Amino acid sequence: MDVFEAIRESGITARQAAERCGIKINRGGMAVCPFHKDKNPSMKIDSRYYCFGCGEKGDAIDFVAKFYGLGKKEAAVQIASDFGISFEDKRGRKPPPKRKRRLSPEQRFERAEKKCFRVLSDYLCRLREWKERYAPHTAEEEWNPLFCEALEKKEYIEYLLDILLYAPLSERVELVAGYGEEVLRIERRLEQCAAGTEGSIGKDNGQDGESGTGITAGNMV
Ligand SMILES: [Zn+2]
């Protein structure tokens, strides 16, 4: 909202603006006109003003502009400041756009490492849960793909987490750099799990299965 709209909306009257300029207004809403040599109050002031002597008329902004010899915009800005009305100045003076915080390589690594750790831990939780929940009860029973996934991946994920927890920085950097793709894949896998479609993954064998690093149960079936 620009300053004119802001003042219009605030409902500031010519009377309020004139009083702010030091004009005395009598009970009848009349004032001595400051715009001509007026002896008796000949200006009627309310939401707008009109002088019966010289014919000056207008609203709050007109009054202040004429009184101080300002342009309308300046007068409006002055009223806004006098009466504490906030507005947006469309011409410039916008707050400068926020600068993106530049991360140092250390901060970037830290961030990536945290994500790596979080994703792998979440995955490990799932695997442990699956290993319990989907364990076959009889020897003839076909193994649930999630149970297979748990069997195959659990130790491997534990091993990666161990590195993140205990290995020296250089090894952790290597892991985070080398397993970024895989971590993303695991993250997607976890999202599927969260969406409740974990079981279906077992069917699309080969689709997502880059052998060696494959995370999906699909590789197992
Ligand atoms: Zn007048």
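Remember, predicted model here, so these are calculated numbers, not experimental data.

Let's talk about the confidence of the model for the chain
Here is step 1: With 83% of its residues at a pLDDT of at least 70, the chain reaches an overall mean of 84.
Here is step 2: Segment residues 200–221: pLDDT under 50, and 34 contacts once partners within four positions in sequence are set aside and those in other chains are kept.

Quick word on the coordination of the zinc ion
Here is step 1: In this structure, Cys33 (SG), His36 (ND1), Cys51 (SG) and Cys54 (SG) serve as the protein donors to the zinc ion, at separations of 2.1 to 2.3 Å.
Here is step 2: Coordination at the zinc ion is tetrahedral, judged from the four donor atoms that bind it and the angles of 101 to 118° they form at the metal.
Here is step 3: Sequence spacing of the donors to the zinc ion: C-x2-H-x14-C-x2-C. Note that Cys33 is positioned in the loop between β1 (30–31) and β2 (43–45) and Cys51 in strand β3 (residues 49–51), a separation of 18 residues in sequence. Here the two residues Cys33 and Cys51 agree in accessibility, since each one is buried.

Overview of the packing of aromatic side chains
Here is step 1: Evaluation of the coordinates by the stated rule reveals seven aromatic pairs.
Here is step 2: Ring centres of Phe67 and Tyr68 lie 5.1 Å apart, and the angle between their planes is 85°; this geometry places the pair in the edge-to-face category.
Here is step 3: Overall, Tyr68 belongs to the partly exposed group, its relative accessible area being 39%.
Here is step 4: Judged by centre distance (5.3 Å) and plane angle (90°), the ring pair of Trp143 and Phe147 falls under edge-to-face.
Here is step 5: A residue is classified by how much of its surface remains accessible, and Phe147, at 8% relative accessible area, is buried.
Here is step 6: Site record: aromatic cluster; members linked through ring pairs are Phe35, Tyr49, Phe63, Phe67 and Tyr68.
Here is step 7: Directly above the aromatic system of Phe83 lies the positively charged group of Arg20, at a separation of 5.9 Å from the ring centroid.
Here is step 8: The residue whose ring lies beneath Lys66 is Phe35, and the NZ or CZ to ring-centre distance is 5.8 Å.

Thresholds applied
Residues numbered from 1 in each chain as written. Predicted model: local features only at pLDDT ≥ 70, side-chain atom pairs only at ≥ 80, totals over all residues. Heavy atoms only, no water. pLDDT = per-residue confidence, 0-100. Contact = heavy atoms within 4.5 Å. Donors = N, O, S within 2.8 Å, 3.2 Å for Na, K, Ca; no water. Tetrahedral: all angles 85-135°; square planar, octahedral: opposite > 155°, others 65-115°. Helix = DSSP H or I, 4+ residues; strand = E, 2+ residues; numbered from the N terminus. Buried < 20%, exposed > 50% of the residue type's maximum accessible area, 1.4 Å probe, protein only. Phe/Tyr/Trp six-rings, centres within 6.5 Å; stacked < 30°, edge-to-face > 60°. Lys NZ or Arg CZ within 6 Å of the ring centre and 35° of its normal.

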